[in-house]
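# Examination of the molecular architecture
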Amino acid sequence: MIRITRSLTLVALCLLGLGAQAATVVKLHHDLTEDSAQQEGAVRFKELVEDRSGGAIEVKIYPNNALGDDVQVAQQMQFGAVQAAPIPTAKLSGFNKQLQLIDLPFLFPSREVAYEFLDGPVGDQVLSGLRNAGFEPAMFWESGFKQMTCDRAVHQPADLKGTKFRVMESPLLIAQYKAVGANPVPIAFSETYTALQQGVVDCQENPLVSISQMKFYEVQDYLMLSNHGYLGTAFIFSKVWFDGLPKDQQDILMAAAREAGEYQRERSAAREQGYLDGIKAAGGTEVIELTDAQKQAFRDAMDPVYEEFGGILGADLMQATRQELERLSAGQ
């Protein structure tokens, strides 16, 4: 009887072990702190997935580059070591060059136009190109419009001449700052604060969430509100991993990524004034809001980037982009 009881216990333990192993685990990376809309979107994704799957899918969130920087994580995703992440389009442009479209200067006149464009046919076309690189795309999340910080006041393009300007590893962003006479320096996001502090670079660009949460304002004297570019993130899954899932789990994950993305965008926009207020309250950074005329001067100075990268992005894509933006802007 004792032997039978022990055998049954072992069988039960084995079955429990198999049940635990059967749960699908999603490691979800993002590059911002836990006090961010990115984290809020990740938590909403986790809640939706775990609830709708009845616990068959478990989501583990790794904020603040805990699994490596964005490019390193994207490489891990190609062979399934990380399963999901919202990654800036500029950092994914090495995997799909058409994603550089989203980083063109002054592309979107407003958040509303950006969302409609990114969720429309042109955005879908650009996003779908990631499949060939080993990713299954869901939708565009965001960090928002980019602003400039510098150790000097900037009112016009000439003020950036000769400055060492930190950018993401992106040919288009490098060209953009060369166009205004700056010396662009690609530096990892996690190393940017130290680079600014030590004078390796003089300036950088990022949305307010990054400037605030990464405390770049502590080591920069001026913040220029320029809205000169839009930082979108592509929420992607590892394709080799995603393709191996049952269809019902694929559907749950894809729907959750899109619903959480809508929420993440709402929270991103809602948080911006708080970030700006916090930077002003800290007292060490002068905030300069560029006028429409000053923004136009930067737009004109950066305009050659459109011609330079038009051939790389493709004439058909550029034409479709112009037509779609004209249509959407007219509807505002």
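What counts and what doesn't
- Residues numbered from 1 in each chain as written.
- Predicted model: local features only at pLDDT ≥ 70, side-chain atom pairs only at ≥ 80, totals over all residues.
- Heavy atoms only, no water.
- Helix = DSSP H or I, 4+ residues; strand = E, 2+ residues; numbered from the N terminus.
- Rg over C-alpha atoms; globule rule 2.2 N^0.38 Å.
- Buried < 20%, exposed > 50% of the residue type's maximum accessible area, 1.4 Å probe, protein only.
- Contact = heavy atoms within 4.5 Å.
- Areas by Shrake-Rupley, 256 points an atom, 1.4 Å probe, with all protein chains shown as cover.
- Axes fitted to C-alpha atoms, helices over the stretch in contact; angles between N-to-C directions.
- Parallel < 35°, antiparallel > 145°, perpendicular 65-115°, else oblique.
- Left-handed = near helix turned anticlockwise from the far one by under 90°.
- Nonpolar A, V, L, I, M, F, W, Y, C, P; charged D, E, K, R; others polar.
- Patch = residues over 30% accessible without salt bridge, like charges linked within 9 Å, V, L, I, M, F, W, Y side chains within 5 Å.
- Salt bridge = Lys/Arg side-chain N within 4 Å of Asp/Glu carboxyl O.
- Lys, Arg positive; Asp, Glu negative; His and termini not counted.
- Charge placed at Lys NZ, Arg CZ, Asp CG, Glu CD.
- Pairing = 2+ DSSP bridges.
- Right-handed = clockwise from strand over helix to strand, strands pointing away.
- pLDDT = per-residue confidence, 0-100.

### Regarding the overall build of the chain
Broken down by element type, the chain carries 14 helices and 9 strands. Taking 332 residues into account, the globule formula puts the C-alpha radius of gyration at 20 Å, and the chain, at 22 Å, falls close to it. Projected onto its principal axes, the C-alpha positions of the chain cover 90 × 45 × 30 Å. Scored against the burial criterion, the 332 residues of the chain give a buried share of 53%. Considering only residue pairs separated by 6 or more positions, the chain has 76% of its internal contacts joining residues 24 or more positions apart. Surface summary for the chain: the accessible area is close to 14,500 Å², and the carbon and sulfur share equals 51%.

### A look at the packing of helix α7 (residues 171–178) against helix α13 (residues 304–313)
Running from N to C, α7 and α13 point in directions that differ by 150 degrees, and their axes come no closer than 9 Å. Classified by the angle between their axes, α7 and α13 sit roughly antiparallel to one another. Our pair here, α7 against α13, has a crossing hand that is right-handed. Within the contact between the two elements, α7 uses Pro171, Leu172, Ala175 and Gln176 and α13 uses Val305, Glu308 and Phe309. Considering only residue class, the contact of α7 with α13 consists of 5 nonpolar, 1 polar and 1 charged.

### A closer look at the packing of helix α2 (residues 37–52) against helix α11 (residues 247–282)
Their axes nearest at 7 Å, the elements α2 and α11 cross at an angle of 155 degrees. With respect to each other, α2 and α11 are oriented roughly antiparallel. Seen along the crossing, α2 lies across α11 with a hand that is right-handed. Tallied by class, the residues present in the contact of α2 with α11 amount to 12 nonpolar, 4 polar and 6 charged.

### Points about a negative patch on the surface
A cluster of acidic residues, Asp300, Asp303, Glu307 and Glu308, forms a negative patch on the protein surface. As for its placement among the helices and strands, Glu307 is situated in helix α13.

### A look at the environment of Met224
Within the element layout of this structure, Met224 appears in strand β8 (residues 222–238). For Met224, the residues in contact, after removing those within four places along its chain, are Gln147, Met148, Thr149, Cys150, Arg152, Val154, Ile288 and Leu290.

### Here we look at the side chain of Glu272
Within the secondary structure, Glu272 sits in helix α11. Among all residues touching Glu272, those that are not within four sequence positions of it are Arg111, Ser143, Gly144, Phe145 and Leu208.

### Remarks on helix α5 (residues 111–118)
Most of α5 is tucked away: 6 of the 8 residues are buried. Those residues of α5 not exposed but buried are Arg111, Val113, Ala114, Tyr115, Phe117 and Leu118. Check the buried side of α5 and you find it contacts α6 (121–128), β4 (135–150), β8, α11 and α14 (315–330).

### Quick notes on unusual backbone geometry
In this structure, Asn64 takes a positive phi of about 60 degrees despite not being glycine. On the accessibility criterion, Asn64 (44% relative accessible area) is partly exposed.

### Considerations on the pairing of strand β6 (residues 183–186)
Note on strand geometry: in a regular strand, side chains alternate between the two faces of the sheet. Where strand β5 (residues 164–167) and β6 come together, 4 bridges link them in parallel fashion. Along β6, the bridge assignment pairs Val167 with Pro186. With α7 bridging β5 and the parallel β6, this β-α-β connection has right-handed handedness.

### Side note on the confidence of the model for the chain
With 93% of its residues at a pLDDT of 70 or more, the chain has an overall mean of 93. Across residues 1–5, confidence stays below pLDDT 50; counting only partners more than four residues off in sequence or on other chains, it has 0 contacts.

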